[in-house]
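A closer look at the structure
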Amino acid sequence: MTDRDLLQLYSNLVPFLAEVCGPGCEVVLHDATNPEHSLVAIRNSISGRQVGASLTDLAQELQEKGMYTDASYLTNYQGKSRGRDFLSSTYYIKNGNRLIGLLCVNKDMSSVQELNHAVQSLLGRFNLNAAAESEFSENLDTPVESMVHNRIADIIAQSGISPTRMSLDEKARIVHRLNDEGLMSVKGAAAEIAEQLSVSVPTVYRYLNKKL
């Protein structure tokens, strides 16, 4: 396949990628064999460039230093144009071992930067920035809820059997033991027991009424 034919294949991708990526992404195709007038296709021209523009400084450096030899692309590097910041990526188009073209996607970061600035201003206005490092920390679970959860888990673990493999009698014995410790009288305990044993709350009470 000739260089021209290969570049034409990628040229057909330029409008497609521009539609997929959206108006905030500039999609550019360069003919690396014609550095002074390399730009052969462009969509969403945020940088203001047009067909016939020359290679950028980075594109020339990539070509001169052979940085494309052991890689297929370069992603997420910083670009600038007309006072705008871009997040850019370049795909190396090769014919054999020769670099013949560059397919570039340049994402305009100005809207993202404006949004980030607005968010930071909002966080600062309501003092919602991340807390400074401190020797103090706090568990927001209530002590009773935490104690009940942990005790139920401990007793189930002591049985040495996963709730999914327990028989009805084995589950009933656990409920009776928890009741003997007074946990069944704690608000919300029945629901917690039911969740950890993978049964319904009415079933927990049926276990409690079951004679062992």
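Here goes a summary of the coordinates provided. Every value quoted in this text rests on a predicted model; they were computed, and no experiment measured them. Each chain carries its own residue numbering, running from 1 in the direction its sequence is written. Restriction of local features to residues with pLDDT of at least 70 applies here, the model being predicted, together with a cutoff of 80 or more for giving and counting side-chain atom pairs; totals for whole chains, interfaces and linings are based on all residues. Each side-chain value is worked out from all heavy atoms of the structure, with water and hydrogens disregarded.

Here the focus is the pattern of salt bridges. By salt bridge we mean one thing: a side-chain nitrogen of Lys or Arg within 4 Å of a carboxyl oxygen of Asp or Glu. Counted by the stated rule, this structure contains eight salt bridges. The residue Arg 98 makes a salt bridge to Asp 3 at a minimum N-O spacing of 2.9 Å. Here Arg 98 is found in strand S5 (residues 98–108), whereas its partner Asp 3 is found in helix H1 (residues 3–11), with 95 residues between them in sequence. Judged by its relative accessible area of 22%, Asp 3 is partly exposed. Close ionic contact of Glu 26 with Arg 49 constitutes a salt bridge, the shortest N to O distance being 2.8 Å. Here Glu 26, found in strand S1 (residues 25–31), pairs with Arg 49, found in the loop between strand S2 (39–43) and helix H3 (57–64); they are 23 residues apart in sequence, far enough to count as distant. A run of H or I in DSSP becomes a helix once it reaches four residues, and a run of E becomes a strand once it reaches two; helices and strands are each numbered from the N terminus. Buried means the residue's accessible area, taken with a 1.4 Å probe over protein chains only, is under 20% of the maximum for its type, while exposed means over 50%, and partly exposed covers the values in between.

Attention now goes to the pairing of S1. In terms of burial, S1 is a largely internal element, seven of the seven residues being buried. Here S1 shows no split at all, with Cys 25, Val 27, Leu 29 and Asp 31 on one side and Glu 26, Val 28 and His 30 on the other all buried. The sheet contact formed by S1 and S5 spans seven bridges and is antiparallel. From the neighbouring strand, Glu 26 faces S5, where its bridge partner is Asn 106. Only strands that DSSP links by at least two bridges are regarded as paired with each other. Relative to S2, S1 runs antiparallel, the two being bridged by four bridges. Across the sheet, Val 28 pairs through a bridge with Ile 42, a residue of S2.

This paragraph deals with the state of the cysteines. In this description, a disulfide is simply a cysteine sulfur pair whose atoms lie within 2.5 Å. Per the counting criterion, the structure on display carries zero disulfides. The thiol of Cys 25 is unpaired, and the distance to the nearest cysteine sulfur, on Cys 21, comes to 4.6 Å. The buried category is assigned to Cys 25, whose relative accessible area is 9%. Cysteine Cys 104 shares no disulfide, and the gap to the nearest cysteine sulfur, in Cys 21, comes to 13 Å. For Cys 104, a relative accessible area of 8% translates into the label buried.

With that settled, the discussion passes to the layout of surface pockets. Site definitions follow a grid-based scheme: protein atoms alone, a 1 Å grid, a 1.4 Å probe that fits but cannot get out for cavities, and for pockets an open set with protein on both sides within 12 Å along at least five of seven lines, plus lining residues having an atom within 4 Å of a point. Grid points are joined across faces, edges and corners, and a volume is the space filled by probe spheres set on the points. Space inside the largest pocket adds up to approximately 330 Å³. Along the wall of the largest pocket there are 21 residues; nearest its centre are Arg 49, Thr 56, Tyr 77, Ser 88 and Asn 106. Those elements that place two or more of their residues in the lining of the largest pocket are S1, H3, strand S3 (73–81), strand S4 (84–95) and S5. Residue polarity follows a fixed list, in which Ala, Val, Leu, Ile, Met, Phe, Trp, Tyr, Cys and Pro are nonpolar, Asp, Glu, Lys and Arg are charged, and the others, Gly among them, are polar. Here the residues of the lining of the largest pocket are counted per class, giving eight nonpolar, nine polar and four charged.

Coordinates in, geometry out; function isn't part of it.
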